[in-house]
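Here is how the chains run, residue by residue.
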Amino acid sequence: MTPDEFRELGHAAVEWVARYWERLPELPVAGSVRPGDVAAELPGAPPDKGDRLEGIFTDLDDVVVPGTTHWQHPAHFAYFPANTSGPSVLGDLIGAGLGTQGMMWATGPACTEVETVMLDWLADLLGLPERFRGGKGVIQDSASSATFIATLAALHRASGGAWRTDGVRGSFAVYTSSQGHSSIEKAARVAGLGDKAVRSIEVDPSSLAMRPEALRAAIEADRAAGVVPALVVATIGTTSTTAVDPLPAIGAICREFGVWLHVDAAYAGAAAACPEFRWINDGLDLADSYCFDPHKWLLTGFDCDALWVADPADLTRALSVLPEFLRNAASESGTVVDYRDWQVPLGRRFRALKLWFVLRWYGVEGIRAHIRDGVALAQRFAAAVRADDRFEVVAPHPFGLVCFRLRGEDDAANETLLRRINETGRCLLTHTKVRGQYVLRLAVGAPSTRTDHIDATWKLIQETA
Ligand SMILES: *Cc1c(COP(=O)(O)O)cnc(C)c1O
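Under the annotation held in an unreviewed UniProt entry, the protein carries the name Aromatic-L-amino-acid decarboxylase and is attributed to Virgisporangium aurantiacum. Recorded in UniProt for the protein, the comment headed Cofactor (unreviewed entry) runs: "pyridoxal 5'-phosphate". Quoted verbatim from the Sequence similarities (unreviewed entry) heading of the UniProt record, the comment on the protein is "Belongs to the group II decarboxylase family."

What follows is the structure, given as structure tokens:
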């Protein structure tokens, strides 16, 4: 493809995306395809001769759009939001065009240094404590990877530096609340600890936040049994209900027993852009690592997780491997950052560009307005639910997520309600279990969601119930 051909098709592709965004409100939020429907529309083998992409846009309209869940739809309230935005897409396009391989400073100085500065900008935006400022951040593909990296660094530390050479020798434990994300268990498995190393700590029944006394008891019991407490993962905004674990008390326990504290704020961390939500950072100065996902609520397309470590040497000591073919003067000078030592893969792409585009385009004020809009819409929805006796709100909802259910009805009735509203294609919600009961979740976060979408969704729920 020549630059001229690229120009022509590129304009058409941008036009296609712009048109897609324009018509999103008219599309059903989730396609109604059955398993195999999409694959059946595609030829079984690649074309022998290049076909110049003729008809590709028609194929996208006919095959991909009907077979896609529209995450950017204003009535997509499922899971957590996975925002993207114009500036994010453009930053990604430029990054793809540059095609930089930024595994080390020497292979992409701008890729490395823009990333370092963007992570400092983000730390500033969120008001993170000093210990995470000044080159302590890195982009990971996901919060799951951030937790995995924290697990490895914690194991290295808990083993007195032996893990890197000897692997896992002896017994180590990882602690998180019963509401902690599934990626914590997966990280323990991949790290070679297995599920049996993960302690599920009890939560307070009303806030659903970790009980520090229960954490202390579990750590003490492990130590008495000869198990080394390696890592505590506290959550700011649990996936199920956005519960906030009490960091000051958890951090104090981690300090006392010398346990690595990783804080997972994958979704809710973005809220700290607004001063009125900075309380979520209380106690973060006791953490060893912290992560949140700009790809959830911060207008930045997947994949982009921001991870900070108080002492990056904890990562490089655990993870750096230097083969001869990567040796270079810049690395040896000790004056540059090589992000390959801060992650599992060697290679990395120029993901900081989309953050740069997003932060420049929206500015701090634009980002705050986006977060505040989402929170206000969720509060509007919660108030409507509360005003109807047939329903109840089942958990605190400080951010953009509301968990609710039909009061006094069994799980089957709530499940049926969810299925029937989603079947209309006019909105998409998901569910979770809270205190053993089936509940519906409505998570606001798409920048295009307006009052009308919230009100229409609530009306649909009321009429269906
Ligand atoms: C969404 C979520 C994750 C996983 O996020 P990925 O970036 O998709 O790996 C981890 N922890 C919490 C609390 C989450 O809400």
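Asks: Any chance you could explain the UniProt feature "modified residue: N6-(pyridoxal phosphate)lysine" (unreviewed entry) in the protein here in plain terms?
Replies: Taken from the UniProt record, the annotation "modified residue: N6-(pyridoxal phosphate)lysine" (unreviewed entry) applies to Lys296. Residue lysine 296 is classed as buried on the basis of its relative accessible area of 17%.

Asks: Is there a simple way to think about the sheet that holds strand β7 (residues 305-309) in this case?
Replies: The strands making up a sheet are joined through hydrogen bonds of the backbone, oriented either antiparallel or parallel. Taking strand neighbours across the sheet as the criterion, the seven strands line up as β1-β7-β6-β5-β4-β2-β3 in an open arrangement whose pairing is mixed. Edge positions in the sheet fall to β1 (137-140) and β3 (198-201), since each of these pairs with one other strand and no more. Mean inter-strand twist for the sheet, computed between neighbouring axes without regard to direction, equals 20°. Pairing between strand β5 (residues 260-264) and strand β6 (residues 289-292): three bridges, direction parallel.

Asks: Can you walk me through the environment of valine 114 in this structure?
Replies: For valine 114, the position within the fold is in helix α5 (residues 109-126). The sequence separation of valine 114 and cysteine 254 amounts to 140 residues, and the corresponding C-alpha distance is 33 Å. Leaving out residues up to four positions away in the same chain, valine 114 has contacts with Phe350, Ala352 and Trp356.

Asks: It is not clear to me how the environment of glycine 400 should be interpreted in this structure. Could you clarify?
Replies: Within the secondary structure, glycine 400 is located in the loop between β8 (391-393) and β9 (401-406). Separated by 233 residues in the primary sequence, glycine 400 and glycine 167 have C-alpha atoms spaced 41 Å apart. Those residues in contact with glycine 400, other than ones at most four positions away along the chain, are Tyr267, Trp297, Gly374, Ala378, Leu442, Ala443 and Val444.

Asks: I'm lost on the site of the ligand in this one. Help?
Replies: If you check the shell around the ligand, you find 13 residues, and the closest are Ala143, Ser144, Asp264, Asp293 and Lys296. At 2.8 Å, a backbone N or O of alanine 143 approaches an oxygen atom of the ligand. Here an oxygen atom of the ligand sits 3.1 Å away from a polar atom, N or O, in the side chain of histidine 295. Burial of the ligand by the surrounding chains reaches 88%, relative to a free accessible area of 380 Å². For the shell around the ligand, the secondary structure elements donating two or more residues are α6 (143-158) and α11 (294-297). Residues of the shell around the ligand, tallied by class, amount to three nonpolar, seven polar and three charged.

Asks: I'm lost on the pairing of strand β4 (residues 228-235) in this one. Help?
Replies: On a regular strand, each side chain points to the face opposite its neighbour's, so the side chains alternate between the two faces of the sheet. Along β4, seven of the eight residues are buried, which leaves the element largely enclosed by surrounding structure. Direction of pairing for β4 relative to β5: parallel, over a ladder of five bridges. Note on β5: the bridge partner recorded for valine 232 is leucine 261. You can see the chain leave β4, run along helix α10 (residues 247-257) and come back into β5, and the turn it takes is right-handed.

Definitions and cut-offs
Residues numbered from 1 in each chain as written. Predicted model: local features only at pLDDT ≥ 70, side-chain atom pairs only at ≥ 80, totals over all residues. Heavy atoms only, no water. UniProt positions renumbered as here; feature names shortened; annotations may be inferred. Buried < 20%, exposed > 50% of the residue type's maximum accessible area, 1.4 Å probe, protein only. Pairing = 2+ DSSP bridges. Helix = DSSP H or I, 4+ residues; strand = E, 2+ residues; numbered from the N terminus. Axes fitted to C-alpha atoms, helices over the stretch in contact; angles between N-to-C directions. Contact = heavy atoms within 4.5 Å. Near = heavy atom within 4 Å. Polar contact = N/O pair within 3.5 Å; in protein donor to acceptor, adjacent residues only side chain to side chain. Areas by Shrake-Rupley, 256 points an atom, 1.4 Å probe, with all protein chains shown as cover. Nonpolar A, V, L, I, M, F, W, Y, C, P; charged D, E, K, R; others polar. Right-handed = clockwise from strand over helix to strand, strands pointing away.

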